[in-house]
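A look at the structure
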Amino acid sequence: MLRDVMGKTFRLLGYTIQYGCIAHCAFEYLGGIVVCSGPSMEPTIQNSDIVFSENLSRHFYCIQKGDIVIAKSPNDPKSNICKRVIGLEGDKVCISSPSDFRKSHSYVPKGHVWLEGDNLRNSTDSRCYGPVPYGLIRGRICFKIWPLNDFGFLRASPNGHRFLND
């Protein structure tokens, strides 16, 4: 009887470990659901919106200008940030705030991206902490899940003028 109980316990433990590994790989490599907080991506993503983030793009280096990504915060590795990719390595980007009279530019270094929130006046982003290493990107947001009346793919950046073609 003890052997029977031990056998069932170890089988259950084995299945639990197997399914745990499958779940980990699915969330690490395929994607997951993310609840966004903060005003930096308004009006595209509101506080408490729920989005789906896919992770394959970062593994295959398919992140493009205009994509909205989830990344580890360069200032606080325990928290994630949600920002739009404005520049990729080698791109010329405007590093000044929208209210600055004199505009200044810089180039994104190799292995980095330039991230900005859509709400430029209320966003802590690359204009504050500089280019973000590509390795800090966790995933690319594909579409909004909640609220249901906003379900679907995300709209283009309201700051399209910030994308430079040089």
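Everything quoted here is computed from the prediction, not taken from an experiment.

Quick notes on the rules
- Residues numbered from 1 in each chain as written.
- Predicted model: local features only at pLDDT ≥ 70, side-chain atom pairs only at ≥ 80, totals over all residues.
- Heavy atoms only, no water.
- Phe/Tyr/Trp six-rings, centres within 6.5 Å; stacked < 30°, edge-to-face > 60°.
- Helix = DSSP H or I, 4+ residues; strand = E, 2+ residues; numbered from the N terminus.
- Buried < 20%, exposed > 50% of the residue type's maximum accessible area, 1.4 Å probe, protein only.
- Pairing = 2+ DSSP bridges.
- pLDDT = per-residue confidence, 0-100.

Counted by the stated rule, this structure contains four aromatic pairs. Taking the centre distance of 5.0 Å and the plane angle of 25° together, the rings of Y61 and Y134 count as stacked. Of the two residues, Y61 is situated in the loop between helix 2 (56–59) and strand 3 (68–72) and Y134 in the loop between strand 8 (132–133) and strand 9 (137–146); the sequence distance between them amounts to 73 residues. Accessibility expressed as a relative area gives 63% for Y61, which makes it exposed. Among the aromatic side chains, those forming a connected cluster through ring pairs are F52, F143, F151 and F153.

It is worth spelling out the pairing of strand 9 at this point. Note: strand 2 (residues 50–54) against strand 9, five bridges, orientation antiparallel. Bridge assignment links S53 to a residue of strand 9, and that residue is I141. Sheet topology places strand 3 next to strand 9; three bridges connect them, and they run antiparallel. Looking across to strand 9, one finds that V69 is bridged to R140. As defined by bridge partners, strand 9 adjoins strand 10 (residues 152–153) across two bridges and the pair is classed as antiparallel. What sits directly across from K144, in strand 10, is G152. Adjacent in sequence and paired antiparallel, strand 9 and strand 10 are bridged by five residues.

When the pLDDT values of the protein are averaged, the result is 85; 91% of them are 70 or greater. At the level of individual helices and strands, the protein shows its lowest average pLDDT in strand 10, which scores 80, and its highest in strand 8, which scores 94.

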